[in-house]
Each structure stands twice: as structure tokens, then as C-alpha cells.
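Listed below are the residues making up each chain.
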Amino acid sequence: MSDTRDRERGGRRDWLSDRVLRGFIAAALALPAGLRGRLMGGLVSRVIAPLAGYRARALENLGHVWPEMPETERRAIARQVADNAGRTMIENYDIPGLLARMKDTPIRGEGLAAMDRARAEGRPILFVTGHFGNFEAPRAALVARGWRIGGLYRPMANPYFNAHYAANMHALSDPVFEQGRRGTMGLLKHIRDGGMGVLLFDVYDSAGVPIDFLGQPAPTLTSAAEIAVRTGALFVPFFGIRKADGVSFDAVFEAPIPHGDPAEMMTEATRRLEARIREHPGQWFWIHRRWKWRRQARQRARAAATTGP
């Protein structure tokens, strides 16, 4: 009986694992930013990624989209991916430090003039990006300059960890909504009222529209584009590109995507992300199950069997 309770969400194991994680995060945050980033990047790339299967998943995804790539190159990219993931995690747990760093980081891109006009006019803005570089860095650059940008977050399975994870999300910029129908409606209202928000669109969702991503079909939700069209929000892709020093970023705000068919808008957003990945392949989170090509094949087979000849 007690063993069953331990395995339930919110049980003793969740509490203990959260205590360990909190202690580790606190210890890392006590270190200077450069050393902290190297430590977390090395820990994730050398220890966590191999043990958790992240390295294997990254290699499999790379082989799926770039089968001609030499094995040595795929392994090098997989190491870079894990290093970037570790650095990003601890950077985003140091909100004051991230804001201070990004306040002095130049922002650039073709979208800046349109963003300034929209802000002056009170027009809503919806930013979109992927799990690339540090995806919170451009948002932090704007927040540090006085912008208020909301967003959605995916709750963690461990409720103890989720409590401080959610608080950390709120610390960057409110309003922040929990992912789900209620949260999406909250973000929609915020945007409709003239607010600004951020959505990450590069995750698998079986309800999404098949859009080729790096040459392979990947179901992609069109909700971000639909929100922009419904609210009249400026639709701006941005990217936080990690520089070679490992601790600083280019914050790039691209030209807004014109309103139109939501699937076509998301196709263009996907093309923008693809261009960044091809330029810096080690900065995209290849550890995600973005394509789930086996599941897609089973779904096509079931659909074919249902429709018949």
C-alpha cells in the first residue's frame, strides 16, 4: 500500500526528487554564470543525456532527417544539443541574471520597426519561436526594456517541482498560463485585449496539420496563427541564438508573417526555424520526439484500412 502511494504523483518519491533537484539548482546558482553554464552543459551532455536516452533520441532524429550525415558529425551535434539544454535550463532558473544580461544585449532584426509601431498603437503582438538556443532570451531582452509579454507553460508531472517551475515562469513576465484549454483561452483574452505573448510551436501534436519540417512530415498545431488572425496580432518569429562563448546571445526578431491561412502561416514559421537549425544544428532540441514517424505510419495505415479500396 505504502509503495503504491510512493509511486503516485505528489508522493514521497516526488517530494524527495524535488528536494534533490532544488538543492542542486541552488548550488549551481551560487556559482559564477560562466562556470555554472559549463558545469550544467557538461553534466547534461556527459551524464544525463546518455543515461536518460536523450543522446540516443537525438542521434535517431538526426538520422531520420539527415541520413547522409556521417556518424561522427551526428554525435558531435548530439553533444552540442545536450550541452545547450543544460545551459538553457540553469540560465532560465536565474531570472534576475538573465534579465540583467539581456538588458544590455543588442536586439536586431527586420521585425523591430513593426514591433515598435504595434506597441505604440496598442496593437497586440504574438511572438513565435521553437526550442532553439535559449528561447527565453529574446523575451527577457524585451522584458528588461519594459515590455510585458505573457505565455503558456507545460506543467511538470512532479507537483512539487511544478510549484517552483511555475513560479519561475511567472518571475520572468506575467501573465503566464498553464497549457490546456483554459490556459489557451486566458492567453487569447490577454492578446485580444492588446497584450503580447509568446508561443513555442515545434512540438508534436497528433491534432496538428502535417507540415514538412526538415524534409519530414511533422504534425504542427495552427493555434498560434489562428490566435493572431482572430485578434489582429502582429505575428513575429524570434530566436535567441547562443554565441560561441556559450553565455551570450543574439536576440533576433524577424519580419512579421502576414496574416492568411493559418496552415500557410505556420508553414512559413517552420521555414524560419529550419533556416536557423541549418545554420546552428546543435542549438535545436533534437531530444524532442518531434516527428514520431512510426506513429504517423501506423495512423496512415489505419486510415487506409478504414477507407478501403
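Residues numbered from 1 in each chain as written. Predicted model: local features only at pLDDT ≥ 70, side-chain atom pairs only at ≥ 80, totals over all residues. Heavy atoms only, no water.

**Overview of the overall build of the chain**
The number of helices and strands found in the chain is 13 helices and nine strands. Its C-alpha atoms give the chain a radius of gyration of 20 Å, near enough to 19 Å, the size a compact globule of 309 residues would have. C-alpha extents for the chain along the principal axes are approximately 60 × 55 × 45 Å. When each of the 309 residues of the chain is scored for burial, the buried share is 48%. Long-range pairs, those at least 24 residues apart, make up 75% of the contacts in the chain with a sequence separation of at least 6. (Helix = DSSP H or I, 4+ residues; strand = E, 2+ residues; numbered from the N terminus. Rg over C-alpha atoms; globule rule 2.2 N^0.38 Å. Buried < 20%, exposed > 50% of the residue type's maximum accessible area, 1.4 Å probe, protein only. Contact = heavy atoms within 4.5 Å.)

**A look at the packing of aromatic side chains**
Between two aromatic rings, the relevant description is the distance of the centres plus the angle of the planes. Under the criterion given, the structure shown has eleven aromatic pairs. Relative to Phe-253, the ring of Phe-238 lies with its centre 5.5 Å away and its plane at 70°, an arrangement referred to as edge-to-face. Of the two residues, Phe-238 is situated in strand β8 (residues 234-242) and Phe-253 in strand β9 (residues 249-253); the sequence distance between them amounts to 15 residues. The pair formed by Phe-238 and Phe-253 is uniform in burial state, with each residue classed as buried. (Phe/Tyr/Trp six-rings, centres within 6.5 Å; stacked < 30°, edge-to-face > 60°.)

**Structural notes on the side chain of Thr-231**
On the secondary structure map, Thr-231 appears in helix α11 (residues 223-231). With a relative accessible area of 14%, Thr-231 lands in the buried category. Polar contacts involving the side chain of Thr-231 include one to the main-chain carbonyl oxygen of Ile-227, which spans 2.7 Å. Within polar-contact distance, the side chain of Thr-231 engages the backbone nitrogen of Ala-233 at 3.4 Å. (Polar contact = N/O pair within 3.5 Å; in protein donor to acceptor, adjacent residues only side chain to side chain.)

**Description of a nonpolar patch on the surface**
On the surface, a nonpolar cluster with roughly 370 Å² of combined accessible area is contributed by Val-47, Ile-48, Leu-51 and Tyr-54. The greatest single-element share of the nonpolar patch, amounting to three residues, is contributed by helix α3 (residues 33-52). On the secondary structure map, Ile-48 appears in helix α3. (Patch = residues over 30% accessible without salt bridge, like charges linked within 9 Å, V, L, I, M, F, W, Y side chains within 5 Å. Areas by Shrake-Rupley, 256 points an atom, 1.4 Å probe, with all protein chains shown as cover. Salt bridge = Lys/Arg side-chain N within 4 Å of Asp/Glu carboxyl O.)

**Notes on the pattern of salt bridges**
Under the definition given, this model contains 17 salt bridges. Taking the shortest distance from any N to any O, the salt bridge between Asp-18 and Arg-19 comes out at 3.7 Å. Accessibility expressed as a relative area gives 1% for Asp-18, which makes it buried. Arg-87 is the partner of Asp-83 in a salt bridge, and the nearest nitrogen-oxygen pair spans 2.8 Å. With Asp-83 and Arg-87 both in helix α5 (residues 71-91) and four residues apart, the pair spans about one turn of that helix. With a relative accessible area of 22%, Asp-83 lands in the partly exposed category.

**Details of the sheet that holds β8**
With mixed pairing, seven strands are arranged side by side in an open sheet as β1-β9-β8-β2-β5-β3-β4. Of all the strands in the sheet, just β1 (107-108) and β4 (176-178) have a single pairing partner and so form its edges. Pairing of strand β2 (residues 125-129) with strand β5 (residues 196-200), which is carried by five bridges, proceeds in the parallel orientation. Residue Val-128 lies in a different strand from β5, and its bridge partner there is Leu-199. Sheet strands in contact with helix α10 (residues 181-192) are β2, β3 (149-153), β4 and β5, and its direction is about 170° off that of β3. (Pairing = 2+ DSSP bridges. Axes fitted to C-alpha atoms, helices over the stretch in contact; angles between N-to-C directions.)

**Regarding the environment of His-64**
Here His-64 is to be found in helix α4 (residues 54-65). It is 9.7 Å that separates the C-alpha atoms of His-64 and Leu-214, two residues lying 150 residues apart in sequence. When near neighbours in sequence (up to four residues on either side) are disregarded, His-64 contacts Gln-216, Trp-291 and Trp-293.

**Here's the deal with unusual backbone geometry**
Residue Pro-175 is reached from Asp-174 by a cis peptide bond, and omega for that bond is -5°. Here Pro-175 lies in the loop between α9 (159-172) and β4. Non-glycine residue Leu-214 carries a positive phi angle of around 55°. As for its placement among the helices and strands, Leu-214 is situated in the loop between β6 (209-213) and β7 (216-220). In this structure, Lys-292 is a non-glycine residue whose phi angle is positive, near 45°. By secondary structure assignment, the location of Lys-292 is in the loop between α12 (262-279) and α13 (293-307).

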